[in-house]
Each structure stands twice: as structure tokens, then as C-alpha cells.
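Chain by chain, the residues run as shown.
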Amino acid sequence: MLEPINGRTMFYGKSDVLTYRTYAKPLAVTPVPESSFTGCDNIIFAHNITFAVTGEAFLPSFSEGDNSMVVATDSMKNFILRNTADYTGSTTEGLLQLLSSRFLDKYDHVTAVSVSADRLPFEQVMVPGGEGLKQSHLVLRHSNNESYSASLTVKRGEDGTEVIAHECRLKDLQLIKVSGSSFYGFVRDEYTTLPESFDRPLYIFLNINWTYSDVEHALDGDLGQYVAAEQVRDIAHSAFHELNSPSIQSLIYQIGLRLLSRFPQLATVSFESNNRTWETIVEPEETKGGVFTEPRPPYGFQGFSVSRADLVGETA
Ligand SMILES: O=c1[nH]c(=O)c2[nH]c(=O)[nH]c2[nH]1
């Protein structure tokens, strides 16, 4: 987020800049027990980028219609596309840092850049090869599953540009646990119609956000501390599988603790969750499955953040 200048909000920029870069540097991550993900070839390193700039020098463009300092957003789009070709690293965050620091270097009157990118997921398809199947290095499939995004705020500092804020995000993870979740013991009063549930089919939509203690670990995959969204996703999977959760509140807290203990390089983890628990039409029985349907709106939601202080005295 760009801070106001002298108490005034002032920024402009370009969104939906689609950059399909081929053959970026492959990413290798330190493996974790919950995930088979060890990296990706980055054959297609594609992003939808939003780029916004601010600076005192833009005030006359708003107040007097003086465009003499305005870098057209069309030029911004060209800058993003052409400079993407020069990125030699393997992470979304590193690409965003390159684009924003180069922009600040080129245009002296810009004081800060806020940039975010949704990674557009393309997965290598499996094809016959050698013994069994192998990943194709030519054909990839656009995925509509959960996706990854990152945002940076980069400012002109005393010694060049510095990243002053960052956030990484796994978006729209949709998980159903068919048995092993409950919700009971909540306030019962004249407004309560919801029955207690001791085994509900818990369907959740989750966004998981994280920050690093040292942002360099996000920018440079070669440092071996990069946390891939796929690893975050797989840890959420295994926590959901293992825990008998009394509520979504408790579930996201426990997922947060697991992520922080698995990745000492992370400073915070936060969640936005949405409750889409299926409505039960026919109760499952021992010998027969149940029948469920989509819940009706409105939907419940939760938000929570954990930091390293929450780990003290906990065994996640
Ligand atoms: O996990 C839940 N938390 C709630 O706060 C809540 N409220 C509700 O109606 N169902 C649920 N489920």
C-alpha cells in the first residue's frame, strides 16, 4: 500500500498487465515432509501485474492538469513487459523487486512503487516417456485451482531502493473434509437455530498470507529459504487431515502454528476463511454415505493472524 503524501492519497498506475515470460530460472526449494513439491521449472513464469506509483511531483497533474511529469500508464505497461525479459531470478517477489527498483532508478520524481502480481498457474502435463510418465517440457495446462500472489512496496531510500513492505498469498484454496470436524458448545439463546454438530462435512475457502522476517528470502530463491505456495498449501492439507477441529477458528490457528514452526524464516501468517459447510440432506450411516447440498448464503467468515510470539509454549 502506498502511504499518503502530506496526508493526501495520491497514486496512479496500471493493472492487469499480463506477462507471459518463458524459461525463467527454475526454482528449487528446501523440501518439507508434508509436501512433494521441491521446485518448478518455470517454463512459463506468468503474472497478472498491478503497478502503482506515487510522488509529490504528481500533484500538478491532479490539481492543474499539468502532465509534464506523468509517465503514461501505457508506458508503464511497456516498461513492465520489456523489463520482465531481463529477470534472471526464479521468484515472483524477485521479479516485482526488479521492476519497481528499475522504475525508481529511471524516473527520479517517483518516490515509491506498490506492485502486486497474481501468478498465472501453468502446470506441465504428463506424457509417456522412458519408464511410465514424465513431465512435458513443451505442453503446459492452465490451472484453475488455488493461485499465488505477492505484493511489494518499494521506496527510494538513502542508499538506493528498499522494500518497505511485502506480503505473499495463497488464494482460493477450497477444501472439504467429509468427516472429523465438529461445532458445538457455542452460545445458545433466543437467536440460536443452528443445531450442535459433532461430525460435519466441513467445506472451507481459505486465503493464507505470509511475510518473511528477512524479505531477501522471498526475493532470491537461491538463498534456499523461499517458501513456495505449494508447500503452504500442502501443510494446510495435512493439518486439516490430521486435526479433529472444533471450529474453523481453531483450525486456522493450528495451520498457522504449523506453518510458523515448519518455516522459521516466516514472521507472520494470516488467514481469511469462509465457511461453506455442506447442508446435510440425508445423514450418513455406517453402511451408506450421506447426501449433501450447497449451503445457502449468507456465509460466515473468519480472519486471524499468528506471529512467532504465538509459538512460545505451543506444540504445533
Ligand atoms: O467453525 C465455525 N465457526 C463459527 O463461528 C460458526 N458459526 C456458525 O454458524 N458455524 C460456524 N462454524
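Here the residue numbering is sequential within each chain, running from 1 through the sequence in written order. Where local features are concerned, this predicted model is filtered to residues with pLDDT of at least 70; where side-chain atom pairs are given and counted, the filter is 80 or more; whole-chain, interface and lining totals use all residues. For the side-chain quantities, the full set of heavy atoms in the structure was used; hydrogens and water were omitted.

### Let's talk about the packing of helix H5 (residues 229-242) against helix H6 (residues 248-262)
Part 1 of the reasoning: The contact between H5 and H6 brings their axes to 10 Å, and the two run at 130°. Accordingly, the angle class assigned to the pair H5 and H6 is oblique. Considering the relative orientation of H5 and H6, their crossing is right-handed. For the pair H5 and H6, the contacting residues are Val232, Ile235, Ala236, Ser238, Ala239, Phe240 and Glu242 in the first and Leu251, Ile255, Arg258, Leu259 and Arg262 in the second.
Part 2 of the reasoning: Side-chain classes are defined by residue name, with Ala, Val, Leu, Ile, Met, Phe, Trp, Tyr, Cys and Pro counting as nonpolar, Asp, Glu, Lys and Arg as charged, and the others, Gly among them, as polar. A breakdown of the residues in the contact of H5 with H6 according to their chemical character gives eight nonpolar, one polar and three charged. Helix axes are fitted to C-alpha atoms over the stretch in contact, other axes to C-alpha atoms as well, and angles between N-to-C directions run from 0 to 180 degrees. A helix here means a DSSP run of H or I that spans at least four residues, while a strand means a run of E at least two residues long, and both kinds are numbered starting from the N terminus. Our angle categories are set so that under 35 degrees counts as roughly parallel, over 145 as roughly antiparallel, 65 to 115 as roughly perpendicular, and the remainder as oblique. The handedness criterion is simple: a crossing whose near helix is rotated anticlockwise from the far helix by less than a right angle is left-handed, and one whose near helix is rotated clockwise is right-handed. Residue contacts follow a heavy-atom distance rule, with two residues in contact if any of their heavy atoms lie within 4.5 Å.

### Section: H5
Part 1 of the reasoning: Helix span, expected: 1.5 Å multiplied by one less than the number of residues in the helix. Over its 14 residues, H5 runs 20 Å from end to end, which matches the ideal 20 Å to within 8%, given 1.5 Å per residue.
Part 2 of the reasoning: For every residue, the accessible area (1.4 Å probe, protein chains only) is compared with the maximum for its type, and the residue is labelled buried under 20%, exposed over 50%, or partly exposed between those bounds. Among the residues making up H5, those that are buried are Ala229, Gln231, Val232, Asp234, Ile235, Ala236, Ser238, Ala239 and Phe240.
Part 3 of the reasoning: Where the residues of H5 are buried, they touch strand S8 (147-157), strand S9 (160-177), strand S10 (202-212) and H6.

### Things to note about the site of the ligand
Part 1 of the reasoning: Lining the immediate surroundings of the ligand are Phe183, Leu194, Arg200, Ser247, Ile248, Gln249, Asn275 and Gln302.
Part 2 of the reasoning: We define a polar contact as two N or O atoms separated by no more than 3.5 Å, with the added condition that, inside protein, one atom must be a possible hydrogen donor and the other a possible acceptor, whereas residues neighbouring each other in sequence contribute only through side-chain atom pairs. Side-chain polar atom of glutamine 249 to a nitrogen atom of the ligand: 2.9 Å apart, as the coordinates give it.
Part 3 of the reasoning: Surface accessibility follows the Shrake-Rupley procedure with a 1.4 Å probe radius. Residue values consider only the protein chains on display as shielding. Burial of the ligand by the protein amounts to 69% of the accessible area it has alone, namely 300 Å².
Part 4 of the reasoning: For the shell around the ligand, the per-class residue count stands at three nonpolar, four polar and one charged. Here a residue is considered near a molecule or strand provided that any single heavy atom belonging to it is located within 4 Å of it.

### Comments concerning the state of the cysteines
Part 1 of the reasoning: Here, the term disulfide refers to a pair of cysteine sulfur atoms separated by no more than 2.5 Å. The tally for this structure, following the rule as stated, stands at zero disulfides.
Part 2 of the reasoning: No disulfide involves cysteine 40; its nearest neighbouring cysteine sulfur is the one of cysteine 168, lying 15 Å away.
Part 3 of the reasoning: Accessibility expressed as a relative area gives 23% for cysteine 40, which makes it partly exposed.

### Structural notes on the packing of aromatic side chains
Part 1 of the reasoning: We call Phe, Tyr and Trp rings a pair once their centres come within 6.5 Å, taking the six-membered ring for Trp, and we label the pair stacked below 30 degrees between planes, edge-to-face above 60, and tilted otherwise. Counted under the stated rule, the structure contains 14 aromatic pairs.
Part 2 of the reasoning: An aromatic cluster is present here, built from Phe51, Phe79, Phe103 and Tyr107 joined pairwise through their rings.
Part 3 of the reasoning: Charge over a ring is defined by NZ of Lys or CZ of Arg lying within 6 Å of the ring centre and within 35 degrees of the ring normal. One residue, arginine 276, lies across the ring of tyrosine 299, its end atom 3.6 Å from the ring centre.

### Quick word on helix H2 (residues 73-84)
Part 1 of the reasoning: Across its 12 residues, H2 extends 16 Å between first and last C-alpha, which sits within 8% of the 16 Å expected from 1.5 Å per residue.
Part 2 of the reasoning: Listing the buried residues of H2 in full gives Met76, Phe79, Ile80, Asn83 and Thr84. When H2 is viewed along its axis, its buried side chains cluster within an angular range of 120° and face the same direction.
Part 3 of the reasoning: Close packing links the buried residues of H2 with strand S1 (12-22), strand S4 (44-54) and helix H3 (92-106). Each C-beta atom gives one direction from the helix axis, and the arc is the one those directions make.

### Digging into the nonpolar core
Part 1 of the reasoning: The term nonpolar core refers to a set of buried residues drawn from Ala, Val, Leu, Ile, Met, Phe, Trp, Tyr and Cys, joined through side-chain atoms within 4.5 Å. Counting residues in each nonpolar core, the largest one holds 70 residues, and the members touching the most others are Ile49, Phe51, Val53, Phe103, Ile208, Trp210 and Val269.
Part 2 of the reasoning: When residues of this core are assigned to their parent elements, the largest contribution, eight residues, is made by H6.
Part 3 of the reasoning: Counting the residues that make up this core, at least three belong to each of domain 1 (12-168) and domain 2 (169-311).
Part 4 of the reasoning: Apart from the residues lying within four places of it in its own chain, the contact partners of isoleucine 49 are Lys14, Ser15, Asp16, Val17, Thr19, Ile80, Leu95, Leu96, Leu99, Val115, Ser116 and Ala117.
Part 5 of the reasoning: Counting residues in each nonpolar core, the second largest holds five residues, with Ile43, Ile44, Ala46 and Leu140 among its members. Those domain boundaries reflect an automatic or database domain assignment.

### A word on a nonpolar patch on the surface
Part 1 of the reasoning: To count toward a patch, a residue needs a relative accessible area over 30% and no salt bridge; like charges are then connected within 9 Å, while nonpolar side chains (Val, Leu, Ile, Met, Phe, Trp, Tyr) are connected within 5 Å. We define a salt bridge as a contact between a side-chain nitrogen of Lys or Arg and a carboxyl oxygen of Asp or Glu at a distance within 4 Å. Taken together, Tyr23, Leu138 and Val139 make up a surface patch of nonpolar side chains, about 380 Å² in accessible area.
Part 2 of the reasoning: Along the polypeptide, leucine 138 turns up in strand S7 (residues 133-142).
Part 3 of the reasoning: The exposed category is assigned to leucine 138, whose relative accessible area is 74%.

### Remarks on the domain arrangement of the protein
Quoted interface sizes are often the accessible area lost when the parts come together.
Part 1 of the reasoning: Assigned domains of the protein: these are domain 1 (12-168) and domain 2 (169-311).
Part 2 of the reasoning: Distance from the C-alpha centre of domain 1 to the C-alpha centre of domain 2: 28 Å.
Part 3 of the reasoning: In this assembly, 28 residues from domain 1 lie in contact with 29 residues from domain 2.
Part 4 of the reasoning: Computed with a 1.4 Å rolling probe, the buried area is the accessible surface lost when two parts are put together, summed over both parts. Of all residues in domain 1, the largest losses of buried area upon contact with domain 2 belong to Glu34, Glu146 and Cys168, amounting jointly to 25% of the total for that side.

### With respect to the packing of H2 against H3
Part 1 of the reasoning: Interhelical geometry of H2 versus H3 gives an angle of 125° and a closest axis separation of 10 Å. Taken together, the axes of H2 and H3 lie oblique to each other. As H2 runs across H3, the sense of the crossing is right-handed. Of H3, the residues touching H2 (which contributes Met76, Phe79, Ile80, Asn83 and Thr84) are Leu95, Leu98, Leu99, Arg102, Phe103 and Lys106.
Part 2 of the reasoning: Its residues placed into classes, the contact of H2 with H3 shows seven nonpolar, two polar and two charged.

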